[in-house]
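Topology and contacts: notes
What follows is each chain in one-letter form.
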Amino acid sequence: MNEIVDRVPEAGIQRALGRDYYESLTNGEQPWYASKLDSARVLPESELPADVAYGVEYSTVLINVPQYLGYLKNKFTGMGGVIEQRALNHIEEALLVSVDGSNDPNKKTPIVVNCAALGNRVLGGVCDASMQPVRGQTLVVSAPDAKRTLTRVGSQFSYVIPRGDGTVVLGGTAE
């Protein structure tokens, strides 16, 4: 990831600070990731909003998802990769697609990326009943001065995620 951040600006990834605020902690425990990040800093009470019990600041990366997906697609197809969309009833059907359109069993797809999302609940060979939809709301706005992420967890769930191009994703709700 560091190489892409440092050398491939067209990928749409950059470093930034992130800040998460929690109105309360479950069982008094800090979020699982706070102890996993070398860069994590628990915020002192003087840096917390009045109705927040815990805050953590950390180094993260910002990914402009539309830009990054375009970069990945161009890289993949530039190396000879083929993207094919089709309806499947069973995950094994994806493994039976030959890379050159022939029926040669030696040229079958070596890798399949499953992006079926909620479709995994009914896709044969997967049938993951634990998949559940989550409803959320997001808005993309112009905010060229926003340089770090901000998340709030509690009676309200909200986030601010800069995309590095002067726009920011504002979000909230997770139902």
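Treat the numbers as computed from the prediction; the structure is a model and nothing was measured.

1. Notes on a nonpolar patch on the surface
Among the surface-exposed residues, Met 1, Val 61, Ile 63, Val 65, Leu 69 and Leu 72 lie close enough to one another that they form a single nonpolar patch of about 480 Å² accessible area. Broken down by secondary-structure element, the contributors of at least two residues to the nonpolar patch are strand 3 (54–63) and helix 2 (65–78). Examining the composition of the nonpolar patch, we find that 3 residues originate from one element, helix 2, more than from any other. Looking at the element boundaries, Met 1 is found in the segment before helix 1 (2–7). Looking at Met 1, the relative accessible area reads 52%, which means it is exposed.

2. Some thoughts on the sheet that holds strand 5 (residues 149–153)
Hydrogen bonds between backbone groups are what pair the strands of a sheet, and the pairing can be parallel or antiparallel. The strand order across the open sheet built from 7 strands is 2-3-1-5-6-7-4, with neighbouring strands paired in mixed fashion. The outermost strands of the open sheet, each flanked by one partner alone, are strand 2 (41–42) and strand 4 (137–142). In the sheet, strand 1 (residues 13–22) pairs with strand 3 via 10 bridges, with the strands oriented antiparallel. If you follow Gly 18 over to strand 3, its bridge partner there is Tyr 58.

3. Examining the environment of Gln 85
In this fold, Gln 85 is placed in the loop between helix 2 and helix 3 (92–95). Taking the C-alpha atoms as reference, Gln 85 lies 35 Å from Ala 16; in sequence the two are 69 residues apart.

4. A short note on the pattern of salt bridges
The final tally for this structure, using the stated rule, is 8 salt bridges. Among the salt bridges present, the one from Arg 19 reaches Glu 47, with a minimum N-O distance of 2.8 Å. Of the two residues, Arg 19 is situated in strand 1 and Glu 47 in the loop between strand 2 and strand 3; the sequence distance between them amounts to 28 residues. Its relative accessible area of 10% is what places Arg 19 among the buried residues. Note that Glu 57 and Arg 148 form a salt bridge whose closest N and O atoms lie 3.2 Å from each other. Note that Glu 57 is positioned in strand 3 and Arg 148 in the loop between strand 4 and strand 5, a separation of 91 residues in sequence.

5. Description of the pairing of strand 6 (residues 158–162)
As judged from the 3 bridges shared by strand 5 and strand 6, these two strands associate in the antiparallel manner. Counterpart to Arg 152 in the pairing with strand 6 is Ser 158. Counting the residues in the hairpin turn of strand 5 and strand 6 gives 4 residues, including Gly 154, whose phi is positive at 155 degrees. With antiparallel pairing between neighbouring strands as the criterion, strand 6 and strand 7 (residues 167–172) make up a hairpin whose turn holds 4 residues, including Gly 164 at a positive phi of roughly 85 degrees.

Cut-off values and rules
Residue positions within a chain follow its written sequence, with the count starting from 1. Side-chain atom pairs in this predicted model are given and counted only at pLDDT of 80 or more, local residue features only at pLDDT of at least 70, and totals for whole chains, interfaces and linings cover all residues. Derived side-chain values reflect all non-hydrogen atoms in the structure, with water molecules and hydrogen atoms excluded from consideration. For patches, a residue must show more than 30% relative accessible area and have no salt bridge; joins then use 9 Å for like charges and 5 Å for nonpolar side chains, namely Val, Leu, Ile, Met, Phe, Trp and Tyr. Exposure was quantified through the Shrake-Rupley algorithm and a 1.4 Å probe, taking into account, for residues, occlusion by the shown protein chains and nothing else. Salt bridges are counted wherever a side-chain nitrogen of Lys or Arg sits within 4 Å of a carboxyl oxygen of Asp or Glu. For the purposes of this entry, the term helix denotes a DSSP run of H or I that reaches at least four residues, the term strand denotes a run of E that reaches at least two, and both are numbered from the N terminus. Relative accessibility under 20% of the residue-type maximum defines a buried residue, over 50% an exposed one, and the middle range a partly exposed one, all with a 1.4 Å probe and only protein chains included. One requirement defines pairing of two strands: DSSP has to find at least two bridges between them.

Without other data, these values stay purely geometric and don't point to any function.
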